[in-house]
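# A look at the structure
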Amino acid sequence: ATVNREESSEFPGFFPLSVDYREQFAAAGKIPGGYMKREGKPSEREVLQGRIIDRSIRPIFPTNFFDKIQLIVTVYSLDKDYMPTALALNAASLALSISDIPFLEPVSGCEVCNGKEKWIINPTHSELSQSESKLFVSGNIDGINMVECISSGINNNEATSAIFSAHETIKSNIDWQKKIIDQVKKEKIMSEDKFSINIWQEKAESFICNDKISSIFVNDKSERIESYSKILKQFVEENAQTEIPDSEKINESIVKYSFDVVLKKKLTNEMISRKSRVDGRNFGTVRDIETETSLLPANHGSAVFNRGQTQVLVSLTLGSANDKQRIDGIMEESDDPFMLHYNFLPLSVGEARPLRPPSRRDIGHGNLASNAIRGILPKENKFPYTIRLVADVLESDGSTSMATVCASTMSLLDAGVPVSDMVAGIAMGMIQSKDGKFYVLTDIAAFEDEFGLMDLKIAGTNEKITAIQMDIKYKGGLPRYVFETAFEQSKKAR
């Protein structure tokens, strides 16, 4: 794992961290299949692994640090008995920790799968392939900050037990990293406020009063965005004459970033005070849902699913065994009879931008929905067809991957696929009070995702969990009671 830093000459508007994970076929003594005999664009597995590392380390940087960071993690040699997933994250954390980059503390991760009597930590490849429940968990000394899970079905207690069994190994790995960090003793650079963020945050503190926050508490997404835009515009206009050190003019992206940091804190306090969310729901309520099937007469199956102002259309195509997706990886070669392709269309958020190949986010959301559905699909010997689902997001107000799960289930039923159960998905969020208490939010909207502290997506049947994806947006790790609360609320929501 290698890491490099480059100063940002202009304010980027976000933390410009890029993580690339690559697997060299030579590491496994293989030559790539197909016509191209050199590694090309990242495979889906490489993209997904890169996202795991990114989501585990991103919260551990200072909030006012905006230098460009590039982390490259490469598999040069492979032990075929073990997956390189956990080692990749540990290597990334260690590279950052022994650099001069202000990475606040080491993190670690490990894989978990269910054995016959107990959870297996860091299982072999054969143990993973035979297991019905597989998790990757990462965190710091204090708690958990990232989870990925695919299962044929585990209950809430089993999921919590697996996650916190992994945390013991995570803490041990961090202790090991700290010994190396102490030997290297690299001095960290100071995280300076070179974009005058603090000046604008102080102004936002006095500007954002209760009346302004109250105007954001409306049910309709477009009205909420309009109210937010008016408040931000007023803030910029009132402070247009502000003198900023070493700056010729006001940078509106800096102003917006600073404004949002303060708004996030004040909005959270107002929600806890009101015991109500920006759209009027209480903390445990799901938005209104509606679904319809057989919209596309020429397709084998189709369904549209609406939750609030989020809408996803899924179409299903059945094919023969020859249509399976061929996967050529460093661990093994395989054929997959099930595909789910997720597309986040710009029209879904009212944007006019060119259509591009699937983004890392598209691949990640599609993989999550695919993991959620796999557990209910029939065995190949009973249903020898290849299944391809295409999910198009037509309108987005948060939780589009979980809406994809719901629409996919309906599309499978519409096509007559003999699934074993029905699966639904729900996105859980979290806010924190001044005294440190956490509140879990059911079915978060986009606004709550942007200004919240957690994005925990849970999919499953009425009783069992089939997929989990979680990451957090602050330095700490989550304690056990947050997961217990979130899992119980998500079960009711499903």
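This write-up is about the structure you can find in this document. In this text, all values refer to a predicted model and were calculated from it rather than measured experimentally.

The subject of this paragraph is the side chain of Lys-266. The residue Lys-266 is located in helix H8 (residues 252–274) in this model. Here the side chain of Lys-266 touches Ile-208 through a polar contact of 2.9 Å, landing on its backbone oxygen. Discounting residues that sit within four places of it in the chain, Lys-266 has contacts with Glu-205, Ile-208 and Ile-213.

Now for unusual backbone geometry. Here Asn-122, not a glycine, exhibits a phi torsion of approximately 50°, which is positive. Here Asn-122 is to be found in the loop between strand S5 (119–121) and helix H3 (125–130). What makes Asn-122 partly exposed here is its relative accessible area of 34%. Positioned with a positive phi, Ser-399 is a non-glycine residue whose angle comes to about 65°. One can find Ser-399 in the loop between strand S14 (386–395) and helix H10 (400–414).

Here we take up the packing of aromatic side chains. Scanning the entire structure with this criterion turns up 21 aromatic pairs. On the numbers, 5.6 Å between centres and 85° between planes, the contact of Phe-164 with Phe-483 is edge-to-face. Of this pair, Phe-164 sits in helix H4 (residues 156–184) while Phe-483 sits in helix H12 (residues 480–493); the two residues are 319 residues apart in sequence, bridging distant segments of the chain. Take Phe-164: its relative accessible area is 15%, and that puts it in the buried class. Seen from their ring centres, Phe-447 and Phe-451 are 4.7 Å apart, and the 45° between their planes marks the pair as tilted. Residue Phe-447 and its partner Phe-451 are both found in helix H11 (residues 446–451); the two are separated by 4 residues, about one turn of the helix. Members of the aromatic cluster, joined through ring pairs, are Trp-200, Phe-207, Tyr-228, Phe-235, Phe-259, Phe-447 and Phe-451. One residue, Lys-212, lies across the ring of Phe-207, its end atom 4.5 Å from the ring centre. When the ring centre of Phe-217 is taken as origin, the NZ or CZ atom of Arg-274, which lies over that ring, is 4.1 Å away.

Cut-offs and rules
- Residues numbered from 1 in each chain as written.
- Predicted model: local features only at pLDDT ≥ 70, side-chain atom pairs only at ≥ 80, totals over all residues.
- Heavy atoms only, no water.
- Helix = DSSP H or I, 4+ residues; strand = E, 2+ residues; numbered from the N terminus.
- Polar contact = N/O pair within 3.5 Å; in protein donor to acceptor, adjacent residues only side chain to side chain.
- Contact = heavy atoms within 4.5 Å.
- Buried < 20%, exposed > 50% of the residue type's maximum accessible area, 1.4 Å probe, protein only.
- Phe/Tyr/Trp six-rings, centres within 6.5 Å; stacked < 30°, edge-to-face > 60°.
- Lys NZ or Arg CZ within 6 Å of the ring centre and 35° of its normal.

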